Amino acid sequence: MIAVVVLFGLLVTALVMALTGGGANLPIAEIVLLCAIFCVFFGAGIYIAAALGVLGLLVGLTFSDRPFWLFAGQVMWGPSKNYVFVAVPLFLLMGEILLRAGLSDRLYRALNVWLNRLPGGLLHTNIVSCAVFSAISGSSVATAATMGSVALPYFANTKYSPRMVLGSLAAGGALGNLIPPGITFIIYGLITETSVGALYIAAIIPSLLVTGLFLMVILATA
């Protein structure tokens, strides 16, 4: 929805510039057509990654002065040939190994021994276990899926609020993009040519603050 609103705003801006003479060189017809295709893709319910990929190729074909095969080849080959991206599948593999080996469940039970004494009990365990697993897997999706599958059975037949349980797991899963070493830092560092190590160091204090704030919210609520 947000993407559609932003796209609509860009379309309106382009039309206003064309009508006022500020965008005489803008290809209005092409922009309108691409916006229409964008809305159709998202309204059809197809995968967002596929929609954005096709639209990226269409935009390149429409606005690039280079031959399409040269443009597409450089765009696809340029980022993918960087060896730093090897860390992305390896992080996901590490998280999968921890899940299949039962180490994530043992991690959850060990943390629960320490944190179950606090008001909120298992909810604190959700946040801290997600934070620890995020530092291992580097992925929010892997963290939320893994710790969600491990934690939910512990809340069966308990008086915990389902809203708080799912909220704590969702908030803890989001830490995967913030706690180093996150996959997002690798991608951002390559795009902006920034040191990934420097990004990791810069994220240490914010990640600790966010984790602490999550724990304080649970403590205050409980």
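Each remark here, short or long, concerns the structure printed above.
Residues numbered from 1 in each chain as written. Predicted model: local features only at pLDDT ≥ 70, side-chain atom pairs only at ≥ 80, totals over all residues. Heavy atoms only, no water.

Draft legend 1. Expanded view of the overall build of the protein chain. When its secondary structure is counted, the protein chain shows eleven helices and zero strands. When the elements of the protein chain are put in sequence order from the N terminus, they spell out α-α-α-α-α-α-α-α-α-α-α. Looking at the 222 residues of the protein chain, the share that counts as buried comes to 32%. If you take every contact in the protein chain between residues at least 6 apart in sequence, the share linking residues at least 24 apart comes to 61%. Accessible area of the protein chain: about 13,500 Å², with a carbon and sulfur share of 74%. (Helix = DSSP H or I, 4+ residues; strand = E, 2+ residues; numbered from the N terminus. Buried < 20%, exposed > 50% of the residue type's maximum accessible area, 1.4 Å probe, protein only. Contact = heavy atoms within 4.5 Å. Areas by Shrake-Rupley, 256 points an atom, 1.4 Å probe, with all protein chains shown as cover.)

Draft legend 2. Broad picture of the nonpolar core. With 15 residues, the main nonpolar core has Tyr108, Leu123, Met147, Ala151, Phe155 and Val165 as its most contacted residues. Put simply, the parts of the chain that give this core at least two residues each are helix H7 (122-137), helix H8 (140-151) and helix H9 (162-174). For this core, the element with the highest residue contribution is H7, accounting for five residues. Beyond its immediate sequence surroundings of up to four residues, Val165 is in contact with Leu123, Asn126, Leu152, Phe155 and Tyr160. Judged by nonpolar contacts, the second largest core, of nine residues, contains Phe185, Ile186, Val196 and Leu199. (Core = buried A, V, L, I, M, F, W, Y, C linked by side-chain atoms within 4.5 Å.)

Draft legend 3. Quick peek at helix H10 (residues 183-192). When H10 is considered as a whole, its buried residues turn out to be Ile183, Phe185, Ile186 and Gly189. The arc that holds every buried residue of H10, seen down its axis, measures 160 degrees, which confines them to one face. Buried residues along H10 sit in contact with helix H5 (87-100) and helix H11 (196-221). (Arc of directions from axis to C-beta.)

Draft legend 4. Looking closely at the packing of H5 against H7. Remark: H5 packs on H7, axes separated minimally by 8 Å, with the N-to-C direction vectors making an angle of 130 degrees. As far as their axial angle goes, H7 and H5 are oblique. Taken together, the residues of H7 that come into contact with H5 (itself represented by Phe91, Leu92, Met94, Gly95 and Leu98) are Phe133, Ile136 and Ser137. Each residue belonging to the contact of H5 with H7 can be placed in one class, and the counts come to six nonpolar, two polar and no charged. (Axes fitted to C-alpha atoms, helices over the stretch in contact; angles between N-to-C directions. Parallel < 35°, antiparallel > 145°, perpendicular 65-115°, else oblique. Nonpolar A, V, L, I, M, F, W, Y, C, P; charged D, E, K, R; others polar.)

Draft legend 5. Here's a closer look at a nonpolar patch on the surface. On the surface, a nonpolar cluster with roughly 540 Å² of combined accessible area is contributed by Tyr83, Val86, Leu90, Leu93 and Ile97. Relative to the helices and strands, Val86 is located in the loop between helix H4 (68-80) and H5. Classification of Val86 by relative accessible area gives partly exposed; the value is 46%. (Patch = residues over 30% accessible without salt bridge, like charges linked within 9 Å, V, L, I, M, F, W, Y side chains within 5 Å. Salt bridge = Lys/Arg side-chain N within 4 Å of Asp/Glu carboxyl O.)

Draft legend 6. Looking closely at the packing of aromatic side chains. Across all of its chains, the model carries three aromatic pairs by this definition. An angle of 85 degrees between the planes, with centres 5.1 Å apart, marks the rings of Phe155 and Tyr160 as edge-to-face. (Phe/Tyr/Trp six-rings, centres within 6.5 Å; stacked < 30°, edge-to-face > 60°.)

Draft legend 7. Region of interest: the side chain of Ser134. The topology assignment puts Ser134 in helix H7. Its relative accessible area of 0% is what places Ser134 among the buried residues. Of the polar contacts made by the side chain of Ser134, one reaches the backbone oxygen of Cys130; its length is 2.6 Å. Engagement of the side chain of Ser134 in a polar contact is seen with the backbone nitrogen of Gly176, the distance being 3.3 Å. Excluding anything up to four places from it in sequence, Ser134 contacts Thr143, Gly172, Leu175, Gly176, Ile179 and Pro181. (Polar contact = N/O pair within 3.5 Å; in protein donor to acceptor, adjacent residues only side chain to side chain.)

Draft legend 8. Representation of the pattern of salt bridges within the structure. A complete count under the given rule lists one salt bridge for this structure. Between Arg109 and Asp105 there is a salt bridge; the shortest N-O distance is 3.0 Å. Taken together, the positions of Arg109 and Asp105, both in helix H6 (residues 103-115) and four residues apart, correspond to about one turn of that helix.

Draft legend 9. Layout of unusual backbone geometry. Along the chain, Pro180 connects to Pro181 via a cis peptide bond; the corresponding omega equals 5 degrees. The topology assignment puts Pro181 in the loop between H9 and H10. Despite not being glycine, Asn157 shows a phi value in the positive range, around 60 degrees. Along the chain, Asn157 falls in the loop between H8 and H9. We note that Glu193 has phi near 55 degrees; this positive angle belongs to a residue other than glycine. Structurally, Glu193 can be placed in the loop between H10 and H11.

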